[in-house]
Amino acid sequence: MAYVAVSGGKEAIEASIELLRYYRSGCERDLELEVIEEKMSLLVDRIMGEAGFYSKRYAALALKQCEGCVEEAVFLLRAYRSTLTRKYYSQVVDTAGMRVIRRISSAFKDIQGGQILGATYDYTHRLLNVKLEHEDAVALREKVLTQLQMQTPVEVSACPRVSDELKKEGLMDSYPESDEEPFDITENLLEFPAPRSARLQTLARADTGFLSGLAYSALRGYGLVHPTVGELRTGYVEICVAYPFDDTQSIFLGELLLTEAETFTEADDKDKLKLTDGYGAVFGRNENKAIAMAIADRELEHKGPYPTQNEEFVLMHGDSLEMNGFISHLKLPHYVTFQSKLDAVRKTRGGNA
Amino acid sequence: MEKKRLFKILAKADAASIARLAEELKAAHSITMVKEPNKTLTMIKMREPVKESLFYIGEVLVCEAVIELDGTRGMAVTMGDDFEKVLNMAIIDAAYNRSVFERESELLRLEEEQQVAEQKENAMHMKTMVNFNSMDSEVPQQ
């Protein structure tokens, strides 16, 4: 079935776009970008990740513009990003030096550097808190800032990776650092078999729901079944570029909030004498996506008969813009092809009658 | 001061503090615009721990500016789109390059403030450090 070009409808389309303003206006109170950025930060993180574009302010703006629709916001950010030049490539980000705000392991009870729960909804009762309906936002903010001010400073120290310990013991394979330039899916068409860098970039930008569903299918039996979260960490990493007037020096651009996950499974070696890991890394605090990405990474590395282990299936169907664009095209006029289909059905019925 | 340290202080400082330092330089020196503040992207290169290979996680919005202070160039790139701040950062960078920046003590004060703020925030997170006791006798307790 193919869609056809149609003409006319200009006035109706203009009225439709105008009507969006009616829907978006909602009520008399403005939705300030700062409020979206700071109080809907997990949604903002998700949008930035799926757009592959880190800017809290613009993600908030995109959400405001489209009544909070995730795929529209991703579309807006991708479109905006395409109008900008890319003058810089960062120096390699050292996530081992991350300023950690949360770090857990389900593999080991005691890990070097400790398990830090950070801010998590994992242990909350999922009961709707009706008190939040009329919250004194100013008082709340003042209270938490006062608590912050009263803290005794604790020096920030980097946490070693859990997998590093296993590598030291020879229970997991170690590889020398490779400085091969990564494949860039924003500039090159993805080809199969895809290089590891293309896989990770594609998964990092993938739709959160798609990746979660995929990982869930692997856990339910359509894959390697049950990995262990070796380490899940969220924190700030430093982004630096070379100083253009002296490349022995670097410029600190700012800090980026990232979540990383490493999942452990048995390695493919014949005697099952080793472990191996899958890796996930995403913008912001989006830990289920990071874990799902690590599961998908490991499934793809393993290969096999299931959809999660099929590179083309996984890497070609998870992009928010592409999947929603394609689904959205179904709304375009398909009059001609549908007519021919209808004719065929009528003819068959006529023949049978 | 190393550029990385300088830019870390400047990037983390609020725009008003940077503006005050730049105003003093603007009053005492001639500033010429070389490249007006503009937005651009920085692609973020990461190293993954499984195969130790490199990949791109995504891009970050940054802005940049280049100026000359009495003929000496200075530049800045920083996350976000605060044109005024990036311009002021470039002025301070040029002053450093020309060795006429006299307010390093102020930068060190800002750095100290930033570190204390970060450590206080860290303290709140470290309070969530957990020591689970396994209820399964097969799991070693320590």
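Rules of the game
- Sequence order as written defines residue numbering, which begins from 1 separately in each chain.
- As a convention, the first chain written is A and the first ligand written is 1, with the rest following in written order.
- Where local features are concerned, this predicted model is filtered to residues with pLDDT of at least 70; where side-chain atom pairs are given and counted, the filter is 80 or more; whole-chain, interface and lining totals use all residues.
- In computing side-chain values, all of the structure's heavy atoms are included and hydrogens and water are not.
- Only DSSP runs of H or I reaching four residues or more are called helices, and only runs of E reaching two or more are called strands; each is numbered from the N terminus.
- In this setup the radius of gyration rests on C-alpha atoms only. A globule is expected at 2.2 Å times the number of residues raised to 0.38.
- Burial classification: accessible surface area is computed with a 1.4 Å probe over protein chains only, and a residue below 20% of its type maximum counts as buried, one above 50% as exposed, and the rest as partly exposed.
- Throughout, a residue-residue contact means that at least one pair of heavy atoms, one from each residue, lies within 4.5 Å.
- Per-residue and other accessible areas follow the Shrake-Rupley method at a 1.4 Å probe size, with only the shown protein chains counted as cover for residues.
- Charge convention: Lys and Arg are scored as positive, Asp and Glu as negative, and His as well as the terminal groups of each chain are ignored.
- Taken as the charge location is NZ of Lys, CZ of Arg, CG of Asp or CD of Glu.
- Each patch is built from salt-bridge-free residues with over 30% relative accessible area, joining like charges within 9 Å and nonpolar side chains (Val, Leu, Ile, Met, Phe, Trp, Tyr) within 5 Å.
- Whenever Lys or Arg places a side-chain nitrogen within 4 Å of a carboxyl oxygen from Asp or Glu, that contact is recorded as a salt bridge.
- By convention a nonpolar core is built from buried Ala, Val, Leu, Ile, Met, Phe, Trp, Tyr and Cys residues, the set being connected through side-chain atoms within 4.5 Å.
- Bear in mind that the domain bounds are from an automatic or database domain assignment.
- Note on definitions: angles span 0 to 180 degrees between N-to-C directions of axes, and those axes are lines fitted to C-alpha atoms, for helices only across the stretch in contact.
- Our angle categories are set so that under 35 degrees counts as roughly parallel, over 145 as roughly antiparallel, 65 to 115 as roughly perpendicular, and the remainder as oblique.
- Take the far helix as your reference; a near helix turned counterclockwise from it by less than a right angle gives a left-handed crossing, and one turned clockwise gives a right-handed crossing.
- Gly is put with the polar residues, along with every residue not named as nonpolar or charged; the nonpolar set is Ala, Val, Leu, Ile, Met, Phe, Trp, Tyr, Cys and Pro, and the charged set is Asp, Glu, Lys and Arg.
- Here's the idea: put two parts together, see how much 1.4 Å probe accessible area each one loses, and the total over both is what we call buried area.
- Polar contacts, as counted here, are pairs of nitrogen or oxygen atoms within 3.5 Å of one another; within protein the pair requires one atom able to donate a hydrogen and one able to accept it, and residues that are adjacent in sequence qualify only if both atoms are side-chain atoms.

**Quick notes on the overall build of chain B**
Stage number 1. When helices and strands are counted, chain B shows four helices and four strands.
Stage number 2. For chain B, the succession of helices and strands along the chain, N to C, is α-α-β-β-β-α-α-β.
Stage number 3. Relative to a compact globule of 142 residues, whose C-alpha radius of gyration would be 14 Å, chain B shows 21 Å and is clearly more extended.
Stage number 4. Seen through its C-alpha atoms, chain B measures out along the principal axes to roughly 75 × 35 × 25 Å.
Stage number 5. The burial tally for chain B puts 51% of its 142 residues in the buried class.
Stage number 6. Residue pairs at least 24 apart in sequence account for 55% of intrachain contacts in chain B once pairs closer than 6 positions are excluded.
Stage number 7. On chain B, roughly 6500 Å² of surface is accessible, and the fraction owed to carbon and sulfur atoms is 48%.
Stage number 8. Looking at chain B, you have 19 positive and 25 negative side-chain charges, and the mean spots of the two groups are 2 Å apart.

**So, a nonpolar patch on the surface**
Stage number 1. Residues Val 6, Tyr 335 and Val 336 of chain A make up a contiguous nonpolar surface patch of roughly 320 Å² in combined accessible area.
Stage number 2. Within the element layout of this structure, Val 336 of chain A appears in helix H13 (residues 335-352).

**Quick word on the pattern of salt bridges**
Stage number 1. Using the criterion set out here, one finds 45 salt bridges over all chains in the structure.
Stage number 2. Residues Glu 187 of chain A and Arg 86 of chain A are paired through a salt bridge, measuring 3.7 Å at the closest nitrogen-oxygen approach. Taken together, the positions of Glu 187 of chain A in the loop between helix H7 (162-168) and helix H8 (196-205) and Arg 86 of chain A in strand S2 (residues 86-89) put the pair 101 residues apart, joining distant regions of the chain.
Stage number 3. Its salt-bridge partner being Arg 99 of chain A, residue Glu 118 of chain B comes within 3.8 Å of it at the nearest N-O pair. Here Glu 118 of chain B, found in helix H4 (residues 104-126), pairs with Arg 99 of chain A, found in strand S3 (residues 99-104), and the two come from separate chains.
Stage number 4. We classify Arg 99 of chain A as buried; its relative accessible area is 12%.

**Let's talk about the nonpolar core**
Stage number 1. Ranked by size, the top nonpolar core spans 106 residues in total, and within it Leu 256 of chain A together with Ile 44, Met 46, Ile 57, Ile 92 and Leu 107 of chain B carry the most contacts.
Stage number 2. The element that contributes the greatest number of residues to this core is strand S2 (residues 54-69) of chain B, accounting for 10 residues.
Stage number 3. Each of domain 1 (10-81) and domain 2 (95-318) of chain A gives at least three residues to this core.
Stage number 4. Other than its neighbours up to four places away in sequence, Met 46 of chain B contacts Val 92, Val 93, Thr 95, Leu 258, Tyr 279 and Ala 281 of chain A together with Ser 53, Leu 54, Phe 55 and Ile 57 of chain B.
Stage number 5. In terms of nonpolar packing, the next biggest core, distinct from the first, is built from five residues, Ile 111, Val 162, Met 172 and Phe 264 of chain A among them.

**Structural notes on the packing of helix H1 (residues 3-12) of chain B against H4 of chain B**
Residue and element names in this part refer to chain B.
Stage number 1. The contact between H1 and H4 brings their axes to 10 Å, and the two run at 70°. Looking at the two axes, H1 sits roughly perpendicular to H4. Helix-helix and strand crossings are classified by hand; for H1 and H4 the assignment is left-handed. Every residue of H4 that contacts H1 at Arg 5, Leu 6, Lys 8, Ile 9, Leu 10 and Lys 12 is listed here: Leu 107, Leu 108, Leu 110, Glu 111, Gln 114 and Glu 118.
Stage number 2. Partitioning the contact of H1 with H4 into residue classes produces six nonpolar, one polar and five charged.

**What about the interface of chain A and chain B?**
Stage number 1. With 80 residues of chain A at the interface, the matching set in chain B holds 65 residues.
Stage number 2. Together, the buried faces of chain A and chain B total about 6900 Å²; carbon and sulfur atoms form 60% of this surface.
Stage number 3. A salt bridge links Glu 48 of chain B to Arg 196 of chain A, with the shortest nitrogen-to-oxygen separation between them at 3.1 Å.
Stage number 4. Our count for the contact surface shared by chain A and chain B stands at 45 residue pairs in polar contact (both at pLDDT 80 or more).
Stage number 5. It is strand S6 (residues 246-266) of chain A that contributes the most residues to the side of chain A that touches chain B, 10 residues altogether.

**Regarding the domain arrangement of chain A**
Reports of interface size often rely on the accessible area that becomes lost once the parts have come together.
Residues and elements named next belong to chain A.
Stage number 1. Split into domains, chain A comes out as domain 1 (10-81) and domain 2 (95-318).
Stage number 2. Relative placement of domain 1 and domain 2: their C-alpha centres are 26 Å apart.
Stage number 3. Tallying the contact residues gives 14 residues for domain 1 and 16 residues for domain 2.
Stage number 4. Both sides together, the interface formed by domain 1 and domain 2 hides about 1200 Å², and carbon and sulfur atoms give 52% of it.
Stage number 5. It is Leu 42, Glu 50 and Tyr 54 in domain 1 that bury the most area against domain 2; as a group they hold 42% of the surface buried on that side.
Stage number 6. Applying the counting criterion to the domain 1 and domain 2 interface returns zero salt bridges.
Stage number 7. Summed over the shared surface of domain 1 and domain 2, the result is four residue pairs in polar contact (both at pLDDT 80 or more).
Stage number 8. Those elements that place two or more of their residues in the side of domain 1 that touches domain 2 are helix H3 (41-51), strand S1 (53-54) and helix H5 (70-81).
Stage number 9. Per-element tally for the side of domain 1 that touches domain 2: the top contributor is H3, with eight residues.
Stage number 10. Here the residues of the side of domain 1 that touches domain 2 sort into five nonpolar, three polar and six charged.

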